[in-house]
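Working through the structure, step by step
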Amino acid sequence: IELLFEVIFTIADRIIGNAGLAIIFLSLAVNFLVLPLYKRADELQAEDRDVQAKMAPAIKHIKKTFKGDERFFMIQEYYRINNYKPVYALKSSVSLLLQIPFFIAAYNLLSGMKSLQGMPFGFISDLGKEDAMFMIGSFPVNILPILMTLINVVSGIIYTKGHPLRAKIQVYGLAAIFLVLLYRSPSGLVFYWLLNNVFSLAKNIFCKMKNPLRVLSVFLSATAVCIFISTVIRTDLDARQKLLLTAGCILLCIPLAYALFKDKIHSKIISGTKNNGAF
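Residues numbered from 1 in each chain as written. Predicted model: local features only at pLDDT ≥ 70, side-chain atom pairs only at ≥ 80, totals over all residues. Heavy atoms only, no water.

Quick notes on the overall build of the chain
For the chain, the helix and strand inventory stands at nine helices and two strands. Listing the helices and strands of the chain from first to last along the sequence gives α-α-α-α-β-β-α-α-α-α-α. Looking at the 279 residues of the chain, the share that counts as buried comes to 35%. The contacts of the chain with a sequence gap of at least 6 include a subset with a gap of at least 24, amounting to 67%. Here the chain displays about 17200 Å² of accessible surface, and carbon together with sulfur accounts for 69% of that area. (Helix = DSSP H or I, 4+ residues; strand = E, 2+ residues; numbered from the N terminus. Buried < 20%, exposed > 50% of the residue type's maximum accessible area, 1.4 Å probe, protein only. Contact = heavy atoms within 4.5 Å. Areas by Shrake-Rupley, 256 points an atom, 1.4 Å probe, with all protein chains shown as cover.)

Here you go:
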């Protein structure tokens, strides 16, 4: 995974010529690549929540009626009748388990990357060091990890709406853990993980919408327009870099173009099939 991250970042950095933009590209690329995994993880978690909710009244009755070993064996027998095993509860932690290897890979790559040393990006003075926007005595106040945590909490509020308390505690506890782990980390690493949280927040918002794919295609096209305008304006890019960025912008616009013209495309395909059949 770390090698994959390094390849994506290196290619993006050579094409774009900006470490901050390369981190943005890395975050987008990785999140789109693992999106099917997280989608399946969400499905597993939803399945476990449904089963738990179905069994909850009977489990509550058993706990209220029996005690000690008798309670334990009654619950185990009820699980057996419903073809449920306690280990299935791990399904609710699949998303967390998925994040661990990707976090380790990003940490190993970006926390010690020499090319980020001394590289500014926007309001970040050095991607290779903690942002330390201001100091309280000798204690640095790092805005990026705080912003990352706030976005993570907002995303968690949207994602865990209607979920049991255990799921909410897990999400908010994870946000606190990442705050502690990344607070004194280099800005490049924290910026990458902040972008991941932004992507997660956008994904949770899209999932709540009636037509998330249409909204996503519009967002990708808007992003493509911004990148294209930046590509045209910038004078530090050579012809090859501008050509590759333009090609990337065209690819980002394909989903919206397909959504707008899919009815015409389908009608032409059906019409052509009927004509061939008649012939």
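Here we look at the nonpolar core
Counting residues in each nonpolar core, the largest one holds 44 residues, and the members touching the most others are F5, I23, V30, L116, L182 and Y192. Residue assignment for this core shows that the elements contributing at least two residues are α1 (2-16), α2 (19-65), α4 (94-110), α5 (143-159), α6 (165-182) and α7 (187-208). Considering every element that reaches this core, the biggest residue donor is α2, with ten residues. For L116, the residues in contact, after removing those within four places along its chain, are F9, A19, I23, L110, D126, L127, G128 and G188. (Core = buried A, V, L, I, M, F, W, Y, C linked by side-chain atoms within 4.5 Å.)

Comments concerning α4
The first and last C-alpha atoms of α4 sit 25 Å apart over 17 residues, in line with the 24 Å expected at 1.5 Å per residue. Along α4, the positions that sit buried rather than exposed are V94, S95, L98, Q99, F102, F103, A105, A106, L109 and L110. (Expected span 1.5 Å × (residues − 1).)

Observations concerning the side chain of N152
With respect to the element layout, N152 can be found in helix α5. Residue N152 is classed as buried on the basis of its relative accessible area, which comes to 15%. Aside from chain neighbours lying at most four places away, what touches N152 is A175 and N197.

Remarks on the packing of α1 against α2
Remark: α1 packs on α2, axes separated minimally by 8 Å, with the N-to-C direction vectors making an angle of 135°. Put simply, α1 runs oblique to α2. For the crossing formed where α1 meets α2, the hand is right-handed. Mapping the contact onto sequence places L4, F5, I8, F9, A12, D13 and I16 in α1 and A19, L21, A22, I23, F25, L26, A29, V30 and L33 in α2. Classifying every residue of the contact of α1 with α2 by side-chain character gives 15 nonpolar, no polar and one charged. (Axes fitted to C-alpha atoms, helices over the stretch in contact; angles between N-to-C directions. Parallel < 35°, antiparallel > 145°, perpendicular 65-115°, else oblique. Left-handed = near helix turned anticlockwise from the far one by under 90°. Nonpolar A, V, L, I, M, F, W, Y, C, P; charged D, E, K, R; others polar.)

Overview of the pattern of salt bridges
Evaluated as defined, the whole model comprises two salt bridges. One salt bridge connects E77 with R80, and the closest N-O pair in it is separated by 2.5 Å. Placement of the pair is E77 and R80 together in helix α3 (residues 68-81), with a separation of three residues, close to one helical turn. Among the residues examined, E77 registers a relative accessible area of 34% and is labelled partly exposed. R184 is the partner of E130 in a salt bridge, and the nearest nitrogen-oxygen pair spans 2.9 Å. Here the residue E130 occupies a position in the loop between α4 and β1 (134-136), and R184 occupies one in the loop between α6 and α7, the gap between them amounting to 54 residues. (Salt bridge = Lys/Arg side-chain N within 4 Å of Asp/Glu carboxyl O.)

Here we look at the packing of α2 against α4
Taken N-terminus to C-terminus, the directions of α2 and α4 make an angle of 155°; their axes are 9 Å apart at the nearest point. Comparing their axes, α4 and α2 come out roughly antiparallel. Residues V30, V34, L37, Y38, A41, D42, L44 and Q45 of α2 form the contact with α4, whose participating residues are V94, S95, L98, Q99 and F102. A class-by-class count of the residues in the contact of α2 with α4 yields nine nonpolar, three polar and one charged.

Looking at the layout of surface pockets
The gaps left among the atoms become clear once a water-sized probe is rolled over them. Volume-wise, the largest pocket comes out at about 1700 Å³. The wall of the largest pocket is formed by 48 residues, among which L28, F32, F199, F219 and L220 lie closest to the centre. When residues of the lining of the largest pocket are traced back to their parent elements, those giving at least two are α1, α2, α5, α7, α8 (212-233) and α9 (239-278). No other element matches α2, which puts 14 residues into the lining of the largest pocket. Taken as a whole, the second largest pocket spans an internal volume of roughly 730 Å³. What lines the second largest pocket is a set of 35 residues, and nearest its centre among them are Y38, S95, Q99, L174 and S200. Contributions of two or more residues to the lining of the second largest pocket are made by α2, α4, α5, α6 and α7. (1 Å grid on protein atoms, 1.4 Å probe; cavity = no way out; pocket = protein on both sides within 12 Å on 5 of 7 lines; lining within 4 Å. Points joined across faces, edges and corners; volume = space filled by probe spheres on them.)

Remarks on the environment of L243
When you line up the elements, L243 lands in helix α9. A C-alpha to C-alpha distance of 9.8 Å links L243 and I15, two positions 228 residues apart in sequence.

Focus: α1
Between its first and last C-alpha atoms α1 spans 21 Å; for 15 residues at 1.5 Å apiece the expected length is 21 Å, and the two agree. Within the span of α1, buried status applies to F5, I8, F9, A12, I15 and I16. Along the axis of α1, the buried residues cluster in a sector spanning 135°; they form a single face. Set apart from the buried face of α1 by more than 90 degrees, the exposed residues are L3 and R14. Of the residues flanking the end of α1, it is G17, one or two places downstream, whose phi is positive at about 80°. (Arc of directions from axis to C-beta.)

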